[in-house]
Amino acid sequence: MIKALGTDAGRRASLIVMAAGAVTPAWADRQIQPSVTVGTVYVDNLDLVPPGVPKTGDWIAELIPRLQLQEQAPNLSAVLDYSAQALWFRDHSALDAVHQDGAGNVSWAAMPNLLFVEARAAYTQQAIDLTQPSNAGNLFGVGNVANQFDAMVAPYLKRDFGTMTGLLRYQESLSDFSGAGGSADASLLENSRTDVVTAD
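Everything quoted here is computed from the prediction, not taken from an experiment.

A.B. asks: Help me get a handle on the overall build of the protein chain, residues and values and all.
C.D. replies: For the protein chain, the helix and strand inventory stands at one helix and eight strands. Going from the N terminus to the C terminus, the protein chain shows its helices and strands as α-β-β-β-β-β-β-β-β. Within the protein chain, the proportion of its 200 residues that are buried is 33%. When contacts within the protein chain are restricted to residue pairs at least 6 apart in sequence, those whose partners lie at least 24 apart make up 56%.

Here you go:
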């Protein structure tokens, strides 16, 4: 489940990436591609136990809706790729879950030859401790996984003066982890924020 971020930078990045259509002119080229994948998977070692230890298997039903969006306009380029993975375990319903993944980026010339904005964001799942069994595909009963939100927002001023170009850029980046509170290895994850100012 997506956890609401407590950082202003995260909200700014999400809004810029998700609201690209709001600044798209009527003559933009927009492509939308929805899809749905349905399937069943049998896992014969649900808890990823080592050799010699009795294994437990289970059947898993999987539903994955996906939406891909691409927009191209004279002053705007935007891409969004979002999917949700719903899992139902036949004999282990406590593991039923919905996992969400998404990535998007926007490049916007708010005022051509003066004010520009770049932004990107991604929401994924990642292993907490790389030395422990990994929950590949979210199909196993190990808890070595956390949600990760990465975002970057970079407004900048850029002006061409004949053969010279002036640039003043501010960039804010962050990584935010959630969903790992019940893991003994949660302390291995550390939220971060970086601010960079560039002048040229």
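A.B. asks: Can you tell me about the packing of aromatic side chains, naming the residues and giving the values?
C.D. replies: Here the structure, examined in full by the defined rule, presents two aromatic pairs. Relative to Trp59, the ring of Tyr42 has its centre 5.1 Å away and its plane inclined at 55 degrees; by these criteria the two rings are tilted. Of the two residues, Tyr42 is situated in strand β1 (residues 29-43) and Trp59 in strand β2 (residues 58-73); the sequence distance between them amounts to 17 residues. Plain terms: the ring middles of Phe116 and Tyr156 are 5.3 Å apart, the flat faces sit at 15 degrees to each other, and that makes the pair stacked. Here Phe116, found in strand β5 (residues 115-127), pairs with Tyr156, found in strand β6 (residues 145-161); they are 40 residues apart in sequence, far enough to count as distant. Accessibility expressed as a relative area gives 16% for Phe116, which makes it buried. Take Tyr156: its relative accessible area is 12%, and that puts it in the buried class.

A.B. asks: Before we move on, could you go through the sheet that holds strand β3 (residues 76-89) and cite the residues and values that matter?
C.D. replies: Judged by pairing direction, the sheet is antiparallel, and its eight strands sit side by side in the order β1-β2-β3-β4-β5-β6-β7-β8 without closing on themselves. The open sheet has two edge strands, β1 and β8 (192-199), and neither has a second partner. Neighbour-to-neighbour, the strand axes of the sheet open up by a mean angle of 10 degrees, direction not taken into account. Across 15 bridges, the pairing between β1 and β2 is antiparallel. Residue pairing for β2: Val41 is matched across the bridge by Ile60.

A.B. asks: Describe the pattern of salt bridges, listing the residues and the values that go with them.
C.D. replies: Here the structure, examined in full by the defined rule, presents seven salt bridges. One salt bridge connects Asp44 with Lys55, and the closest N-O pair in it is separated by 3.9 Å. Remark: Lys55 occurs in the loop between β1 and β2 and Asp44 occurs in the loop between β1 and β2; sequence separation between them is eleven residues. Residue class for Asp44 comes out partly exposed when judged on its relative accessible area of 45%. Between Asp195 and Arg193 there is a salt bridge, and its shortest N-O distance comes to 3.3 Å. Taking relative accessible area as the criterion, Asp195 reaches 41% and is therefore assigned partly exposed.

A.B. asks: Explain the nonpolar core residue by residue, including any values.
C.D. replies: Side chains of nonpolar character tend, in soluble globular proteins, to be buried together. Grouped together as the largest cluster of nonpolar side chains are eight residues: Val43, Leu46, Ile60, Leu87, Phe89, Leu139, Phe140 and Val142. Discounting chain neighbours no more than four positions away, the residues touching Leu46 are Thr56, Asp58, Phe89, His92, Leu95, Leu139, Phe140 and Gly141. Core analysis: the next-biggest nonpolar cluster, separate from the first, contains five residues, Ala121, Tyr123, Phe149 and Leu174 among them.

So, how was this worked out
Residues numbered from 1 in each chain as written. Predicted model: local features only at pLDDT ≥ 70, side-chain atom pairs only at ≥ 80, totals over all residues. Heavy atoms only, no water. Helix = DSSP H or I, 4+ residues; strand = E, 2+ residues; numbered from the N terminus. Buried < 20%, exposed > 50% of the residue type's maximum accessible area, 1.4 Å probe, protein only. Contact = heavy atoms within 4.5 Å. Phe/Tyr/Trp six-rings, centres within 6.5 Å; stacked < 30°, edge-to-face > 60°. Pairing = 2+ DSSP bridges. Axes fitted to C-alpha atoms, helices over the stretch in contact; angles between N-to-C directions. Salt bridge = Lys/Arg side-chain N within 4 Å of Asp/Glu carboxyl O. Core = buried A, V, L, I, M, F, W, Y, C linked by side-chain atoms within 4.5 Å.

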